[in-house]
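# A look at the structure
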Amino acid sequence: MENQYYLGLDLDDEYAVISFFQLNMKEPETVSTVAGREVYQIPALLARHRKTGQWCAGEEAVKLMRSGEGEVVDAPFGRALRGEQVPVGKEFFPAKELFALFLKKVLWLSARLKPPAVIERLVVSLDSLSREVTELFAWAAAKLNFTAGQVTLLDRKECFYYFCYSQNEELMRHDVCLFDCRGEELRCLRISRNQRTIPQVVTLAEERTNLGSSGRDEAFLEMIKNFFQGRTVSSVYLVGDGFEGNWMKLSVAYLCRGRRAFIGKNLYSKGACYAAAVRAKKLEWPYVYLGDNEMKVNVYLKVRNSGATEFFTLISAGDNWYEAVGECEVLLDGTPEIDFWLQQPDSREARIEKLELTDLPERPPRATRLQITAKPLSDSKVCIGIKDLGFGEIFPASEKMWEYVMSLSAGS
């Protein structure tokens, strides 16, 4: 569809940046708040006009704040996460309602580009994820009429991964580094891939430091040298307000020695766009990323299907553990036990966990139907739930349920 969009939204309590992507585009484009200029950061503000009661967001909210004509709400994301009641004039509003309104206003910035726009998938880039964040966005997505699975949350590190491996081969032939500087804090990321595995397993190293307010160029140069030590780096990306100004001299000269270097403020939102297209299975993606929020192991069931033995995937390595869930129904054939196969993506060997169904009613082979659910508790633990569904009227369900927690860590 010509009007089908994949959106990437980078969000925190200061700014939002939104990019859009269509399959016929060479790369994502980022929405500018000022026509003809690359002003990508949308202030995380809502404002209600004192006279008309009309709500606006971003730069329009800033204008109302400066003119004194608006009642302003800042940090809508953080306030919603804390469950605040926000005073606006003489009224109080649930912060999550205002957060949903802010999201709607920001998303329409992209939708107005080529109407009528259809948002096929939205990926939101955040500094970090949690159950509370996931639940808030699930509520807001439903409020904005997104369907289940249409909105995905990723941390910024994973959006960097999607951005990195969507570039030209020469930029990602070896390691790729990202330096994110906000204020005096510097986050250093280095991403690597194992080209001998299928899919290629991608890992990320991270360090954090403080550049201070003086001698920043020298401090940054020293940090770069230490971070690059013993590694071959193909390309480097600089993001964040901390790199503004003309203070980088020695450090930039070193960065550009034998590698490509780029600076900007829309890397995460562009990476989120690529992630949206990949998650919708519209782009080939021969990689699996094992970050902070991703499952580290594949969980399989060995089953018979139409007379052939095959493996059924319950949980895939690389899936976000906050969102992942696996479910299936099987017919038990043989002893009252089930084998679960655990395999790391970069290994050919698997570990088998044998779970026994104690006190299961005795029935003939293939006369017991079981519902199996796998729900991760962390990136290395999964809760397996098994329920006896019986077999029709001949063998009624006992309603017995079994629950096991398996550690997916290698060697456990």
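Here, every reference points to the structure presented above.
Residues numbered from 1 in each chain as written. Predicted model: local features only at pLDDT ≥ 70, side-chain atom pairs only at ≥ 80, totals over all residues. Heavy atoms only, no water.

Applying the stated criterion to the full structure yields 33 salt bridges. Across the pair Arg82 and Glu84 runs a salt bridge whose closest N-O atoms are separated by 2.9 Å. Classification of Arg82 by relative accessible area gives exposed; the value is 55%. With a relative accessible area of 25%, Glu84 lands in the partly exposed category. (Salt bridge = Lys/Arg side-chain N within 4 Å of Asp/Glu carboxyl O. Buried < 20%, exposed > 50% of the residue type's maximum accessible area, 1.4 Å probe, protein only.)

What follows is about unusual backbone geometry. Cis geometry is adopted by the peptide bond preceding Pro199, which originates at Ile198 and carries an omega value of -5°. Structurally, Pro199 is set in the loop between strand E13 (185-194) and strand E14 (200-210). Non-glycine residue Ala75 carries a positive phi angle of around 45°. Looking at the secondary structure, you find Ala75 in the loop between strand E7 (70-74) and helix H2 (76-81). (Helix = DSSP H or I, 4+ residues; strand = E, 2+ residues; numbered from the N terminus.)

Here the focus is the packing of aromatic side chains. How two aromatic rings sit relative to each other is set out by the distance from centre to centre and by the angle between their planes. Counted according to the given criterion, the structure contains 25 aromatic pairs. Taking 6.2 Å as the distance between ring centres and 45° as the angle between the ring planes, the aromatic pair formed by Phe179 and Phe228 counts as tilted. Of this pair, Phe179 sits in strand E12 (residues 175-182) while Phe228 sits in helix H6 (residues 216-228); the two residues are 49 residues apart in sequence, bridging distant segments of the chain. Judged by its relative accessible area of 4%, Phe228 is buried. Within the aromatic cluster, the residues linked to one another by ring pairs are Phe179, Phe220, Phe227, Phe228, Phe243, Trp247 and Tyr254. The side chain of Arg190 reaches across the aromatic face of Phe227, ending 4.8 Å from its centre. Over the ring of Trp247 we find Arg216, and its NZ or CZ is 4.9 Å from the ring centre. (Phe/Tyr/Trp six-rings, centres within 6.5 Å; stacked < 30°, edge-to-face > 60°. Lys NZ or Arg CZ within 6 Å of the ring centre and 35° of its normal.)

We now examine the sheet that holds strand E6 (residues 55-57). Pairing in this open sheet of three strands is antiparallel, and the strands run E6-E5-E7 from one edge to the other. For this open sheet the edge positions go to E6 and E7, each flanked by a neighbour on one side alone. Within the sheet, the average angular offset between the axes of one strand and its neighbour, ignoring direction, is 25°. Taken together, the three bridges between strand E5 (residues 45-49) and E6 define a ladder with antiparallel strand orientation. Its bridge partner being in E6, Leu46 is matched across the sheet by Ala57. Its contacts with the sheet place helix H1 (residues 59-67) against E5, E6 and E7, and it is angled at close to 55° to E5. (Pairing = 2+ DSSP bridges. Axes fitted to C-alpha atoms, helices over the stretch in contact; angles between N-to-C directions. Contact = heavy atoms within 4.5 Å.)

Let's shift gears to helix H4 (residues 131-143). In this model H4 runs 18 Å from its N-terminal to its C-terminal C-alpha over 13 residues, within 8% of the 18 Å that 1.5 Å per residue would give. All buried positions along H4 are accounted for by Val133, Thr134, Leu136, Phe137, Ala140 and Ala141. Seen from one end, H4 has its buried residues packed into an arc of 160°, which puts them on one side. Asn145 sits one or two positions beyond H4 and adopts a positive phi of about 70°. (Expected span 1.5 Å × (residues − 1). Arc of directions from axis to C-beta.)

We now examine the sheet that holds strand E20 (residues 326-331). Pairing is antiparallel in the open sheet, where four strands are placed in the order E20-E23-E24-E25. In the strand order of this sheet, the two ends are held by E20 and strand E25 (401-407), each with one partner. On average, adjacent strands in this sheet sit at an angle of 20° to one another, irrespective of strand direction. Examined bridge by bridge, strand E23 (residues 369-376) and strand E24 (residues 381-390) share eight bridges and lie antiparallel to one another. Opposite Ile372, over in E24, you have Ile386 as the bridge partner.

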